[in-house]
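This is what each chain is made of:
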Amino acid sequence: MAKVLMVISNGVQVKNYRTGYWSEEFRVPLKALEDAGHEVTIASPKGGDGVVDELSLSEQWDPNGESRAFEKLGRNKGTLRLGDLSGKDYDAVVFVGGHGPMFDVAYDPAAHRIINEIYDKGGIIAAECHAPAVLAQTVRPNGEPILAGKKVTGFPDEWEPADVVPHLPYSLEQELRKVGEYISALDQPKFAVWADKQIITSRDPASSELMAEELVKALGKL
């Protein structure tokens, strides 16, 4: 059994736009990890309650109501604060997607520290959809970006909603291109890519199940 840290956003309000973590990207890997017998700890930059992006609970994105039912369980409540944790205590970390992480998780020094601590002990770093933003901001102790020369994916510019773009702090795709080899694989219905044997990123909500499967397989080999 592995000890896994899952990181969600505390949410952000930008004028009339409120965002946070994407429920499917929290729900799917969490269930897969716990079903496989792994111990999951949930954290956020500030600690306390994480905030879900309500759009992820809409009929369009949650037609069967699975995410709405999941949110009623309150797994986003009372999260631990990243700054109080050590990556040395975990075998893997999963950064849950949504636009929220682009604002808070990406710039949290504790998130960068934990990534390096887990990486240095041979653990696994996973980031979904918009959450690879935190990897774009993470550098190794030698000052080199952790993604330098490595394959990475994340939500592509081409798919960003036009009404949301003005509220975003930057283009995720362009930030990833600055530090790694960005791959969108738009022709594939779901897509996840390993940067190396320890870092995996997934492209969009539809890829969360694939990410979870890859993560569970990798944890089984630790």
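Conventions and cut-offs
Residues numbered from 1 in each chain as written. Predicted model: local features only at pLDDT ≥ 70, side-chain atom pairs only at ≥ 80, totals over all residues. Heavy atoms only, no water. Helix = DSSP H or I, 4+ residues; strand = E, 2+ residues; numbered from the N terminus. Buried < 20%, exposed > 50% of the residue type's maximum accessible area, 1.4 Å probe, protein only. Contact = heavy atoms within 4.5 Å. 1 Å grid on protein atoms, 1.4 Å probe; cavity = no way out; pocket = protein on both sides within 12 Å on 5 of 7 lines; lining within 4 Å. Points joined across faces, edges and corners; volume = space filled by probe spheres on them. Nonpolar A, V, L, I, M, F, W, Y, C, P; charged D, E, K, R; others polar.

Trainee: Explanation requested: the environment of Gly83 in the structure shown.
Mentor: Topologically, Gly83 is positioned in the loop between β5 (80-81) and β6 (92-95). Gly83 sits in the partly exposed class, given a relative accessible area of 35%. Among all residues touching Gly83, those that are not within four sequence positions of it are Ala110 and Arg113.

Trainee: Hey, could you run me through unusual backbone geometry in this one?
Mentor: Residues apart from glycine generally show negative phi values, whereas peptide bonds are mostly found in trans. We note that Cys129 has phi near 55°; this positive angle belongs to a residue other than glycine. The topology assignment puts Cys129 in the loop between β7 (124-128) and α5 (133-136). A residue is classified by how much of its surface remains accessible, and Cys129, at 2% relative accessible area, is buried. The phi torsion at Ala185 lies on the positive side, around 50°, for a residue other than glycine.

Trainee: Mind showing me how you'd approach the side chain of Glu71 here?
Mentor: By the secondary structure assignment, Glu71 is in helix α2 (residues 66-71). When neighbours within four sequence positions are excluded, Glu71 is seen to be in contact with Tyr21, Ser23, Val52, Leu57 and Asn76.

Trainee: Where do I start with the environment of Cys129 in this structure?
Mentor: Spatially, the C-alpha atom of Cys129 lies 12 Å from that of Val193, the residues being 64 residues apart in sequence. Setting aside chain neighbours within four positions, we find Cys129 in contact with Glu25, Gly97, Gly154, Phe155, Leu172, Ser202, Arg203, Asp204 and Pro205.

Trainee: Sorry if this is basic, but what is going on with the layout of surface pockets here?
Mentor: Once rolled over the atoms, a probe with the size of a water molecule shows which space is left empty. If you add up the space inside the largest pocket, you get close to 410 Å³. Along the wall of the largest pocket there are 20 residues; nearest its centre are Trp22, Leu55, Trp61, Phe155 and Pro161. Size it by volume and the second largest pocket reaches roughly 160 Å³. For the second largest pocket, the full set of lining residues is Arg27, Val28, Lys31, Ala32, Glu66, Glu209, Ala212 and Glu213. When the residues that make up the lining of the second largest pocket are grouped by side-chain class, the tally is three nonpolar, no polar and five charged.

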